Amino acid sequence: MTETDAGVRGAPARGAWAKGPLRPLRRDGAGRGPGEFRHLGLVAALALLAVVGVVTEPDNFPTSGNLVGILALAATIGVITVGQTFVIIGGGIDLSVGSVMALASVWATTVATQSYGPAVMALCAILVGTGAGVVSGLLISYGRMVPFIATLAMLVSARGLAQRMSDRKTQLVRPENDAIESLSTTKVLGLPLVVYIFAAVAVAGWVLLNRTTFGRRTFAVGGNPEAARLAGIDVRRHTLYLYALSGFCCGVAAIIIMARTTTGSSTHGDLYELDAIAAVIIGGTLLTGGRGTVVGSILGVLVFTVITNLFILNGLQTSDQLIAKGVIIGIAVLLQRRGLRSPT
């Protein structure tokens, strides 16, 4: 049974489907207006941060090297954020993304894996990340565990396994596998290849969410799981796919972090889950699911990355960065709640 099987027992009629939570014309769950205004607000925030950067650090912030550095820094967390966006729109949450990325980087840089060359290293990172996502998805969809608990367990387990495999030591990418490092050092049109990987993942995520049946089902499952089930969607299987996708993005992010640092380490990705969730929230995705955009999440990543860059350039402490991020998250959630209470 599919969404279009109007006459199947237990499924709503086509007219009811068109008016319900599965309607395909409003894929962000909120109509065009609110989403566009939020995106414009994030663009304005980026412009304001750029002005602050030019005023406070005129010799460092507007340089091409710094701007490229911002994009390269955003690449790792940005790829993870794309996967997190799908999970949260689908009504879940993934707290394990940072630990899974660390595990994938460690597994890919072991002596045994590196002996097969950079292609196998990249494939290993993707398979490890996807496999961890599948495990979380199985626990949530078929084991009926709460997403918070299941992914928290994966967070702890993946980090512990990464520490066990690496013996808490940093593993260097060997010189013969410098193709991994070249993803960060090789530039095309002035931008390193890792930025293009980020862009490719973002574009693919946008297409998948907005132009495919998978995306429509994601909004449906997050908006009203029971209605989605009655419409013929296998909610449990789709949930499994969402967490596998998040794990896949963690594997890609592991490749990027290996390219940028030339290492695999159990310390990679510390607190990345918080950064990804924060970017998704300020990008307009509802924590309750059913509404969100990849574009908003990417803009959220850029906002946080620019803030981090400004704090570093101005010599401010990490604790101040965390306070600023916390304030931004709180304001974003309050604005979401206000928007939900406002009449439509």
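Presented here is an overview of the structure given in this document. Every chain begins its residue count from 1, and numbering advances along the sequence as written. Where local features are concerned, this predicted model is filtered to residues with pLDDT of at least 70; where side-chain atom pairs are given and counted, the filter is 80 or more; whole-chain, interface and lining totals use all residues. Hydrogen atoms and water are omitted, and side-chain values are computed over all heavy atoms in the structure.

Thoughts on the overall build of the protein
Stage number 1. Helix and strand content of the protein: 15 helices and four strands.
Stage number 2. When a residue's accessible area, from a 1.4 Å probe over protein chains only, is under 20% of the maximum for its type it is buried; when over 50% it is exposed; and in between it is partly exposed. Expressed as a percentage of its 344 residues, the buried residues of the protein come to 49%.
Stage number 3. We call two residues contacting when some pair of their heavy atoms lies within 4.5 Å. Counting contacts in the protein only where the partners sit at least 6 residues apart, residues at least 24 apart contribute 77% of the total.
Stage number 4. Only the protein chains shown count as cover for residues, and the accessible areas themselves come from Shrake-Rupley with a 1.4 Å probe. Surface summary for the protein: the accessible area is close to 16000 Å², and the carbon and sulfur share equals 65%. Numbered from the N terminus, helices here are DSSP runs of H or I no shorter than four residues, and strands are runs of E no shorter than two.

Structural notes on unusual backbone geometry
Stage number 1. Phi is positive for Arg-168, close to 60 degrees, though the residue is something other than glycine.
Stage number 2. Relative to the helices and strands, Arg-168 is located in the loop between helix 7 (147-166) and strand 1 (171-172).
Stage number 3. A relative accessible area of 64% places Arg-168 in the exposed class.
Stage number 4. With a phi angle near 65 degrees, Leu-271 is a residue other than glycine that sits in the positive phi range.
Stage number 5. By the element assignment, Leu-271 lies in the loop between strand 4 (263-264) and helix 13 (272-282).
Stage number 6. Here Leu-271 falls in the partly exposed class, since its relative accessible area comes to 37%.

Observations regarding helix 9 (residues 193-210)
Stage number 1. Look at helix 9: 26 Å from first C-alpha to last across 18 residues, which is about the 26 Å you get at 1.5 Å a residue.
Stage number 2. Structurally, helix 9 contributes buried residues whose contacts are with helix 3 (64-89), helix 8 (178-185), strand 3 (191-192), helix 10 (213-223), helix 12 (235-261) and helix 14 (294-313). A helix is expected to span 1.5 Å multiplied by its residue count minus one.

So, a nonpolar patch on the surface
Stage number 1. Patch members must show over 30% relative accessible area and no salt bridge, and they are joined within 9 Å when carrying like charges or within 5 Å when they are nonpolar side chains of Val, Leu, Ile, Met, Phe, Trp or Tyr. The term salt bridge refers to a pairing of a side-chain nitrogen on Lys or Arg with a carboxyl oxygen on Asp or Glu at a separation within 4 Å. On the surface, Val-146, Phe-148, Ile-149, Leu-152 and Val-156 cluster together into a nonpolar patch covering about 440 Å² of accessible area.
Stage number 2. Here Ile-149 is to be found in helix 7.
Stage number 3. Among the residues examined, Ile-149 registers a relative accessible area of 43% and is labelled partly exposed.

These values are about where atoms sit, not about what they do.
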